[in-house]
Amino acid sequence: MSRFNEEEIKKIQGKVVAVMPEAIGVYQLPKEKHIEYKKTVFNIDQTASKDLRREDGIQKERMRHISNNRKQNIFKDFPELGGLETEIQKYALSYFWETGYDCKEIVITDAWINISSKNATLQTHLHSNSYLSGNYFVNFDPKIHSMLNFYNDRIMHGTGRHPFISVPPRNVKTIYNTCDIALRVNEGSIVFWKSHLLHGFSRPNAGENRVTLSFNIMPKICTTGDQYSFVVNDEI
């Protein structure tokens, strides 16, 4: 087999084209609305009943949740967050529009609050029960709170994906060999992504009280001609 000189390889003229990229939507709430919703979320954390609370089994005392069990939904459990629900629905429809999909009504099938303390992490995972997922960054300081990371499932090991052959990357980062990307957002940001994307954060929180509101979304009605369709029941 022939071995090519590295300098010869570098001089080859050509291009690599990125196809079918993943779309992440980032929206920013108006400051006055964010302040209002933040106060409401903090009040919910103080007053929520025991049956609506859950501690993370893997790292108890580092992460806790509100309305994170089956048949619970933060917007149904706390109607005072109705304004925020409307904002999320509006931005979700914008995400569908901007990415070229026909969706006129959505259902927030799950929604819950996450409170992460110092040294908390979030295991890499995905959501298999929805089309879109997202986060509202309620209390978030990028100087002390961990960024939300998205992970490349094409090169990640141990993610339960199909077997693949791994080639070691060079010491140059590209969009093709990057293992994970930290999404830099501000407090008050609302982020959307396709639910199959791996996400989490492995860098432990450097500070207390990282508060986010997570949610899952499905189109209310989806039709494709006369043969394929579904309707999501939002009463459950």
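This text goes with the structure placed above it.
Notes on the structure in this doc start here. (Residues numbered from 1 in each chain as written. Predicted model: local features only at pLDDT ≥ 70, side-chain atom pairs only at ≥ 80, totals over all residues. Heavy atoms only, no water.)

### A look at helix H4 (residues 82-98)
If you check H4, its first and last C-alpha atoms are 25 Å apart, about what 17 residues at 1.5 Å a residue would give, namely 24 Å. When we look at burial in H4, the residues that qualify are Leu 84, Glu 87, Ile 88, Tyr 91, Ala 92, Tyr 95 and Phe 96. Positioned one or two residues after H4, Gly 100 has a phi angle of 90°, which is positive. (Helix = DSSP H or I, 4+ residues; strand = E, 2+ residues; numbered from the N terminus. Expected span 1.5 Å × (residues − 1). Buried < 20%, exposed > 50% of the residue type's maximum accessible area, 1.4 Å probe, protein only.)

### Some points on the side chain of Asn 73
With respect to the helices, strands and loops of the structure, Asn 73 is situated in the loop between strand E3 (63-66) and helix H3 (74-77). Since its relative accessible area comes to 6%, Asn 73 is described here as buried. Within polar-contact distance, the side chain of Asn 73 engages the backbone nitrogen of Phe 75 at 3.0 Å. (Polar contact = N/O pair within 3.5 Å; in protein donor to acceptor, adjacent residues only side chain to side chain.)

### Thoughts on unusual backbone geometry
Its identity as a non-glycine residue notwithstanding, Ser 67 has a phi of 65°, on the positive side. Locating Ser 67 in the fold gives a position in the loop between E3 and H3. A residue is classified by how much of its surface remains accessible, and Ser 67, at 2% relative accessible area, is buried. The phi dihedral of Asn 209 falls on the positive side, at around 60°, and the residue is not glycine. By secondary structure assignment, the location of Asn 209 is in the loop between strand E10 (198-201) and strand E11 (210-219).

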